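# Reading the structure
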Amino acid sequence: MSTGGITLAYSGYLLKFGNTALPFKYISPGTYKVSPSQMADLDSYRDANAVLHRNVVRNNIAKIEWETPYLTDTEVLTLMNIINAAMTNAMERKVTVTFYQDDQGTYRTGNFYVPDITFTVYQAIAHGVIYMPTRIGLIEY
């Protein structure tokens with residue numbers, strides 16, 4: 001469910017966490033995906049004749065995911081600071097995000113949770129750590 005207004009036309013960013021646009025350097029080309037209006041079912045079922053009975057709810061949720069490129073430990077900390085600064089509930093990992101809604105050509109603001117992020121070390125060297133590309137997802141409330 002959207003929590004904010006709609007802004008028309010692409011404005012030079014894909015995601016904003018709070019008021020901070022996510023720099024493109026944190027998104028590997030070809031990995032950014034948005035499902036802006038996923039349908040949700042509530043108590044849908046198949047009867048004894050295998051006929052599907054769907055109860056589709058009006059709240060269409062968005063799912064956003066991308067992979068980072070290889071990042072240094074400093075870049076990972078900066079990325080996480082951008083995400084964490086937009087948290088409205090740290091326990092739930094709830095963040096306010098504005099995203100470009102491709103199917104409408106508009107921006108939409110909503111509340112999302114951030115599923116677990118797993119960082120994999122590519123290489124540890126004397127002056128820092130380099131991480132493998134990392135999948136980051138956002139699922140709207």
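Further up the page is the structure itself.
Now for a look at the structure at hand.

What counts and what doesn't
- Residues numbered from 1 in each chain as written.
- Predicted model: local features only at pLDDT ≥ 70, side-chain atom pairs only at ≥ 80, totals over all residues.
- Heavy atoms only, no water.
- Helix = DSSP H or I, 4+ residues; strand = E, 2+ residues; numbered from the N terminus.
- Salt bridge = Lys/Arg side-chain N within 4 Å of Asp/Glu carboxyl O.
- Buried < 20%, exposed > 50% of the residue type's maximum accessible area, 1.4 Å probe, protein only.
- Phe/Tyr/Trp six-rings, centres within 6.5 Å; stacked < 30°, edge-to-face > 60°.

### Comments concerning unusual backbone geometry
For residues other than glycine, phi is negative in most cases, and the peptide bonds are mostly trans. One non-glycine residue with positive phi stands out, namely Arg93, at about 55°. With respect to the helices, strands and loops of the structure, Arg93 is situated in the loop between β9 (87–89) and β10 (94–101).

### Describing the pattern of salt bridges
This structure, assessed with the given rule, holds five salt bridges. Linking Glu65 and Lys63 is a salt bridge whose minimum nitrogen-to-oxygen distance equals 3.9 Å. By relative accessible area, Glu65 is classed as buried at 19%. A salt bridge links Arg135 to Glu65; the nearest nitrogen and oxygen atoms lie 3.0 Å apart. Taken as a pair, Arg135 in strand β14 (residues 135–140) and Glu65 in strand β7 (residues 56–67) lie far apart in primary sequence, 70 residues in all. Under the relative-accessibility criterion, Arg135 is labelled partly exposed at 39%. Three or more residues are tied together by salt bridges with common partners; here these are Lys63, Glu65 and Arg135.

### Topic: the environment of Gly105
By secondary structure assignment, the location of Gly105 is in the loop between β10 and β11 (106–113). According to the relative accessible area criterion, Gly105 is partly exposed, its value standing at 23%. Sequence separation of Gly105 and Ala9 is 96 residues, and the distance between their C-alpha atoms is 5.5 Å.

### Section: the packing of aromatic side chains
To describe a pair of aromatic rings, you give the distance between the ring centres and the angle between the ring planes. Enumeration according to the criterion identifies eight aromatic pairs in this entry. Between Tyr10 and Tyr100, the ring centres sit 5.3 Å apart and the planes meet at 85°, which makes this aromatic pair edge-to-face. One end of the pair, Tyr10, is in the loop between β1 (2–8) and β2 (15–17); the other, Tyr100, is in strand β10, and 90 residues separate them in sequence. Residue classification places Tyr100 among the buried residues on the basis of a relative accessible area of 15%. The rings of Tyr10, Tyr13, Tyr100 and Tyr107 are connected pair by pair, giving a single aromatic cluster.

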